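Report on the structure
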Amino acid sequence: MHEMGIVIKVVKTVEDFARNNGVTRIDTLVLQIGALSPVIPRYVESCYPMVVKNTRLEDTRLQIDVLPAMARCRACREVFDVLEHKSSCPVCHSGNPEMISGNEFMIKEIVAF
Amino acid sequence: MDTYKIIEIKESVFEDNNQRAELLRSELKKERTFLLNLMSSPGSGKTTTLVRTIYALKDEMAIGIMEADIDSDVDARTISKTGAKVIQLHTGGMCHLDAEMTRQGLEGLGTQGIDLAILENVGNLVCPAEFDTGASKNAMILSVPEGDDKPLKYPLMFSIVDVVLVNKIDAMEFFDFNLDVLKERVSKLNPGIKVIPISAKTGEGIDQWADWLRGEVKMWNNNSDCRSL
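Residues numbered from 1 in each chain as written. Chains lettered and ligands numbered in written order. Predicted model: local features only at pLDDT ≥ 70, side-chain atom pairs only at ≥ 80, totals over all residues. Heavy atoms only, no water.

1. Quick word on the nonpolar core
The condition is simple: We call a set of buried residues a nonpolar core when its members are Ala, Val, Leu, Ile, Met, Phe, Trp, Tyr or Cys and they connect through side-chain atoms within 4.5 Å of each other. For every residue, the accessible area (1.4 Å probe, protein chains only) is compared with the maximum for its type, and the residue is labelled buried under 20%, exposed over 50%, or partly exposed between those bounds. Numbering of helices and strands runs from the N terminus, with a helix taken as a DSSP run of H or I at least four residues long and a strand as a DSSP run of E at least two residues long. Contacts are assigned to residue pairs with any non-hydrogen atoms lying within 4.5 Å of each other.
Ranked by size, the top nonpolar core spans 42 residues in total, and within it Leu35, Leu36, Ile65, Met66, Leu116, Trp209 and Leu213 of chain B carry the most contacts. Among the elements that make up this core, the one with the highest residue count is helix 8 (residues 206–222) of chain B (seven residues). In contact with Ile65 of chain B, other than residues within four places in its own chain, are Leu50, Ile54, Ile79, Ala84, Lys85, Val86, Ile87, Leu109 and Ile118 of chain B. Grouped together as the second largest cluster of nonpolar side chains are 30 residues, Ala18 and Ile110 of chain A together with Ile7 and Phe14 of chain B included.

2. Here we look at the packing of aromatic side chains
In plain terms, the rule: Whether two aromatic rings pair depends on their centres lying within 6.5 Å, for rings of Phe, Tyr and Trp, where Trp uses its six-membered ring; planes under 30 degrees apart make the pair stacked, over 60 edge-to-face, and the rest tilted.
Scanning the model with the defined rule gives four aromatic pairs over all chains in all. With centroids separated by 5.0 Å and ring planes inclined at 85 degrees, the aromatic side chains of Phe14 of chain B and Phe131 of chain B adopt a geometry described as edge-to-face. Taken as a pair, Phe14 of chain B in the loop between strand 1 (5–12) and helix 1 (15–31) and Phe131 of chain B in the loop between strand 5 (116–120) and strand 6 (137–143) lie far apart in primary sequence, 117 residues in all. Classification of Phe14 of chain B as buried rests on a relative accessible area of 9%. Pairing Trp209 of chain B with Trp212 of chain B gives two aromatic rings, centres 5.6 Å apart and planes at 15 degrees, and the pair type is stacked. Residue Trp209 of chain B and its partner Trp212 of chain B are both found in helix 8; the two are separated by three residues, about one turn of the helix. Of the residues examined, Trp209 of chain B reaches a relative accessible area of 2% and is grouped as buried. Of the aromatic side chains, those joined through ring pairs into one cluster are Phe105 of chain A together with Phe14 and Phe131 of chain B.

3. Here's the deal with the sheet that holds strand 5 of chain B
Think of a sheet as strands paired side by side through backbone hydrogen bonds, with each pair either parallel or antiparallel. All names here are of chain B. The line we're drawing: Two strands form a pair only when DSSP identifies at least two bridges running between them. Lines are fitted to the C-alpha atoms to define the axes, a helix being fitted only along its stretch in contact, and any angle between axes, read from their N-to-C directions, falls within 0 to 180 degrees.
The strand order across the open sheet formed by seven strands is 4-3-5-2-6-7-8, and the pairing between neighbours is parallel. Since the sheet does not close on itself, it has two edges, and those belong to strand 4 (85–90) and strand 8 (194–197), each with one partner. On average, each strand axis in the sheet is tilted by 20 degrees relative to the strand beside it, whichever way the strands run. Here six bridges tie strand 3 (residues 63–69) to strand 4, and the two strands are oriented parallel to one another. Bridge pairing links Ala68 to Leu89 in strand 4.

4. Concerning the sheet that holds strand 1 of chain B
Pairing is mixed in the open sheet, where four strands are placed in the order 2(A)-1(A)-6(A)-1(B). The open sheet terminates on both sides in strands that have one partner only, identified here as strand 2 (61–67) of chain A together with strand 1 of chain B. Shown here is a sheet whose adjacent strand axes are inclined to one another by a mean of 20 degrees, direction ignored. Inspection of the sheet shows strand 1 (residues 26–34) of chain A paired to strand 2 of chain A by seven bridges, in the parallel sense. Its bridge partner lying in strand 2 of chain A, Gly34 of chain A is registered against Leu67 of chain A. Each of strand 1 and strand 2 of chain A is contacted by helix 2 (residues 41–52) of chain A, which is oriented at about 170 degrees to strand 2 of chain A, the strand it contacts most.

5. Overview of the pattern of salt bridges
Residues and elements named next belong to chain B. Rules: Salt bridges are defined by distance alone: a side-chain nitrogen of Lys or Arg within 4 Å of a carboxyl oxygen of Asp or Glu.
If you walk through the whole model with that rule in mind, you get 13 salt bridges over all chains. Between Arg25 and Glu22 there is a salt bridge, and its shortest N-O distance comes to 2.9 Å. In this pair, Arg25 and Glu22 both sit in helix 1, three residues apart, roughly one turn of the helix. Its relative accessible area of 15% is what places Arg25 among the buried residues. Under the relative-accessibility criterion, Glu22 is labelled partly exposed at 47%. Residues Arg25 and Asp132 are paired through a salt bridge, measuring 2.8 Å at the closest nitrogen-oxygen approach. Placement of Arg25 in helix 1 and of Asp132 in the loop between strand 5 and strand 6 is noted, with a sequence separation of 107 residues between them. Take Asp132: its relative accessible area is 25%, and that puts it in the partly exposed class. Through salt bridges with shared partners, one network takes in Glu22, Arg25 and Asp132.

6. Regarding the interface of chain B and chain A
Quick reminder of the rule: Values labelled buried area give the accessible surface lost by two parts on being combined, using a 1.4 Å probe and summing over both. Polar contacts here mean pairs of N or O atoms no more than 3.5 Å apart (in protein, one a potential hydrogen donor and the other a potential acceptor; neighbouring residues in sequence count only if both atoms are side-chain atoms). Ten residues, namely Ala, Val, Leu, Ile, Met, Phe, Trp, Tyr, Cys and Pro, are considered nonpolar, four, namely Asp, Glu, Lys and Arg, are considered charged, and the remaining ones, Gly among them, are considered polar.
Opposite the 21 residues of chain B that make contact, chain A presents 22 residues. Approximately 2,000 Å² of surface area, both sides summed, lies buried where chain B meets chain A, with 68% of it carried by carbon and sulfur atoms. In terms of surface lost to chain A, no three residues of chain B exceed Ile7, Ile9 and Val13 of chain B, which account for 30% of the buried area on that side. Linking chain B with chain A are zero salt bridges, by the criterion used here. The tally of links between chain B and chain A comes to seven residue pairs in polar contact (both at pLDDT 80 or more). Counting residues per element, the side of chain B that touches chain A draws most heavily on strand 1 of chain B, which supplies eight residues. Residues of the side of chain B that touches chain A, tallied by class, amount to eleven nonpolar, three polar and seven charged. Pairing between strand 6 (residues 105–112) of chain A and strand 1 of chain B: six bridges, direction antiparallel. What sits directly across from Ile110 of chain A, in strand 1 of chain B, is Ile7 of chain B.

Bear in mind that shape data such as this cannot, by itself, settle questions of function.
Quick look at the structure:
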């Protein structure tokens, strides 16, 4: 339950961005969240309406793209989804993968008028 | 209908914190204040360990403590009995401290003349691992009753700390805790990590911990490349 503080920060960042770039109306805010990120999309969505109240983002829709947790096997270099394969390489079954993605939490873009 | 455009921002939400943390670290280096970020689950014995640490080092260096909790000042009161400079930070529901909150804490504490500042982070193994506080080094306490499988459950925490204190080893016989297994699990996540078994209650292992800390503080504060004179 740390999402509220993080969402407040995201909204401030986007407001600053909008101000500095002369954007008046933001239709959609797109976030990217890695499947292994400790930021949980469901909680972000539930606190978002509360956080945007009386801000420039009050009427802005929130869209969350979840990025898969991908890793590369250190033994055979195969790239695979760690959640799907429980961290063990589907080709050589080595359990020593190197994470490539899945921990992200990014403000990807805004759709603005 | 209005015409709209998509504007790429591509900003990592944690990136801003990382930059602030780097800045804070370089400022602390100039001021010759070593900042230790101490993390753990609730109830692992952070405050008791801190009291031991203060007694072990207070005659050789000036120590300042920042107690971060969601509420209350019981920990700060306990620490203040040691004579060390202490302030209580209230995170107001936030489950971790970020670099900006740490900076405010340090300003409240006053770092001038402080050789070793210790931040007792909020008791939590998840979020504090995500946010760089600007500390010189990161340490965590894992207590025996919590189990030797904690590194499997909270891998990020164990991969970002420089040292793990295994506390409450005086109670080892009552729990199925295997220190060798723990060491193996921890070094798999973080090959350079140091594991120090301690008992904050009996004082066992505190010397080794104090030695490590003393060495780190010395290295940090003696580095001449930031000398202002």
